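One-letter residues, chain by chain:
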Amino acid sequence: MDFGEAGIHERFMQRALTLARQGWGATHPNPMVGAVIVEQGEIVAEGYHARDGAPHAEVMALHNLGRLPRPGATLYVTLEPCSTQGRTGACTGAIIAAGLKHVVAGATDPNPVHSGHGFEVLRAAGVEVTVGVLADDCADLNLIFNHWITTQTPLLAAKAAVTLDGKIATRTNDSEWITGEQARTDVHRWRRLFPAIAVGAGTVMSDNPSLTSRLGGAVWCPVRFVFDGLLRTVVEKSLPRAYTDEHKDRTIVVTTPHGGLGYVRKLQALGVQVWNLPSSTMRAPLTEFRRRCAEAGITGVYFEGGAQIISELIQFRQLDYLFIYRAPVLLGDERAKAVFKGLRTEKLVNAVRLEDVRHAAFGPDQLMRGRVAYPEKLQVDETTFSLG
């Protein structure tokens, strides 16, 4: 493949990626996939996977074409075509039946059971297959699916908005707003992607967040987790909006037996769900939470704070992915509130790092995001654990 051909492939794959994003947040537990059919250098049909149970992107593109592709047509697709029957039929079969002779794919199916098999089926039928065009972008599109399909556990991600010196609030707890409107809009975009959002009790009591995604005037409510080992959020007469609004049935309070059955019954009477996880301490165990999410089919959880729960995710090696929005603001105050705590990192080799890092700019603010990579030795300072 020469450089000119590579540029052409990338142009059409970019369009397929744009189409795939139209399924943003609606395809779980399936991946987002986009496809275009090209004849003589022009796109003649497009398709994308709109939601779980709907036709796959390749099938939609062929359907929208409304006829058989002409000789020499090429199918561009962001993910390896599936080769198993499933609920909607194998895409490889549809491609072969349509008479397509060239398929250009982005990412390979991450499922170890099926990885590469779709390409083998196509090649065996005489279809030329080009693999790896914008592969990193195509794989990045499906962070949640890729983790779910390879581990059978949810992707636990966290987000924080920080100053240049890594603070999330002043010493008086003033934090509105560290980042600007463009960065905050991007947060809502990621909220729309994840099936669930999670916060700690402290964040609920101090900020009373709605934990919904608000984009383009539309409001969408994911599953909302509130971590509250002692059920402190139920004590006050004025309850958090997540317990009383029109989406309260999508709120799940994650607690422990230390919270008190009376408060559990109060939440259940409101229509709020409760996960009472066994724990010898007053902290809800994160490993058990991950297991319960997998059992419930929740493929990804987006933690938005506070600092205590995000730090505990790292301390217990349970954080898989991290989003850090950084604003051009400097506090320079050692008593300002830091987002991370609880580790005792004496050497850089023992530092937690991000891999597969991606950057984006939103006005003056910057986003750095990536997969969390833990060192072999992660030393935790036990004195930082909160009992709440």
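Residues numbered from 1 in each chain as written. Predicted model: local features only at pLDDT ≥ 70, side-chain atom pairs only at ≥ 80, totals over all residues. Heavy atoms only, no water.

(A) Structural context of the sheet that holds strand β2 (residues 42-48). The strand order across the open sheet built from five strands is β2-β1-β3-β4-β5, with neighbouring strands paired in mixed fashion. The sheet is open, and its two edges are formed by β2 and β5 (128-131), each paired on a single side. Going across the sheet, the axis of each strand differs from the next one's by a mean of 20°, ignoring polarity. Relative to strand β3 (residues 74-79), strand β1 (residues 34-39) runs antiparallel, the two being bridged by four bridges. Bridge pairing links I37 to L75 in β3. (Pairing = 2+ DSSP bridges. Helix = DSSP H or I, 4+ residues; strand = E, 2+ residues; numbered from the N terminus. Axes fitted to C-alpha atoms, helices over the stretch in contact; angles between N-to-C directions.)

(B) Inspection of the environment of F227 at higher detail. Here F227 lies in strand β11 (residues 223-227). Once the C-alpha coordinates of F227 and V204 are considered, the two residues, 23 residues apart in sequence, prove to be 9.3 Å apart. Among all residues touching F227, those that are not within four sequence positions of it are A198, V199, G200, A201, V254, A284, L286, F289, F303 and I309. (Contact = heavy atoms within 4.5 Å.)

(C) Quick look at the packing of aromatic side chains. Within this structure, the stated rule accounts for 14 aromatic pairs. Aromatic side chains F289 and F303 sit 6.1 Å apart centroid to centroid with 75° between the ring planes, which places their arrangement in the edge-to-face category. Within this pair, whereas F289 is found in helix α10 (residues 286-296), its partner F303 is found in strand β14 (residues 300-303), the two being separated by 14 residues in sequence. In this pair, the class of F289 matches that of F303, namely buried. (Phe/Tyr/Trp six-rings, centres within 6.5 Å; stacked < 30°, edge-to-face > 60°. Buried < 20%, exposed > 50% of the residue type's maximum accessible area, 1.4 Å probe, protein only.)

(D) Representation of the packing of helix α2 (residues 57-65) against helix α3 (residues 91-98). Contact geometry of α2 with α3 gives a least axis separation of 9 Å together with a crossing angle of 30°. When the axes of α2 and α3 are compared, the pair comes out roughly parallel. Crossing hand, α2 versus α3: left-handed. Taking contact as the criterion, the partners of E58, V59 and L62 in α2 are, on α3, C91, A94, I95 and A98. Tallied by class, residues from the contact of α2 with α3 come to six nonpolar, no polar and one charged. (Parallel < 35°, antiparallel > 145°, perpendicular 65-115°, else oblique. Left-handed = near helix turned anticlockwise from the far one by under 90°. Nonpolar A, V, L, I, M, F, W, Y, C, P; charged D, E, K, R; others polar.)

(E) Local environment of the side chain of D333. Tracing the sequence through the fold places D333 in the loop between β15 (321-326) and β16 (337-338). On the basis of relative accessibility, which here comes to 19%, the residue D333 falls in the buried class. Reaching out from D333, the side chain makes a polar contact with the backbone nitrogen of R335 at a distance of 2.9 Å. Residues within four places of D333 in sequence aside, it is in contact with D165, K167 and R171. (Polar contact = N/O pair within 3.5 Å; in protein donor to acceptor, adjacent residues only side chain to side chain.)

(F) Region of the structure containing the pairing of β2. Where β1 lies against β2, six bridges are found, and the strand directions are antiparallel. Residue pairing for β2: V36 is matched across the bridge by E46. Two successive antiparallel strands, β1 and β2, enclose a turn made up of two residues, where Q40 displays a positive phi of approximately 50°.

(G) The pattern of salt bridges, seen in detail. One pass over the structure, following the stated rule, counts 18 salt bridges. As a salt-bridge pair, K159 and E304 come within 3.5 Å of each other at their nearest N and O atoms. With a gap of 145 residues between them, K159 in strand β6 (residues 155-162) and E304 in the loop between β14 and α11 (307-315) connect regions that are remote in the sequence. A residue is classified by how much of its surface remains accessible, and E304, at 14% relative accessible area, is buried. (Salt bridge = Lys/Arg side-chain N within 4 Å of Asp/Glu carboxyl O.)

(H) Representation of the pairing of β3 within the structure. Counting buried positions over the six residues of β3 gives six, a clear majority of the element. The sheet contact formed by β3 and strand β4 (residues 102-107) spans four bridges and is parallel. Looking at the pairing, L75 lines up with V103 of β4.

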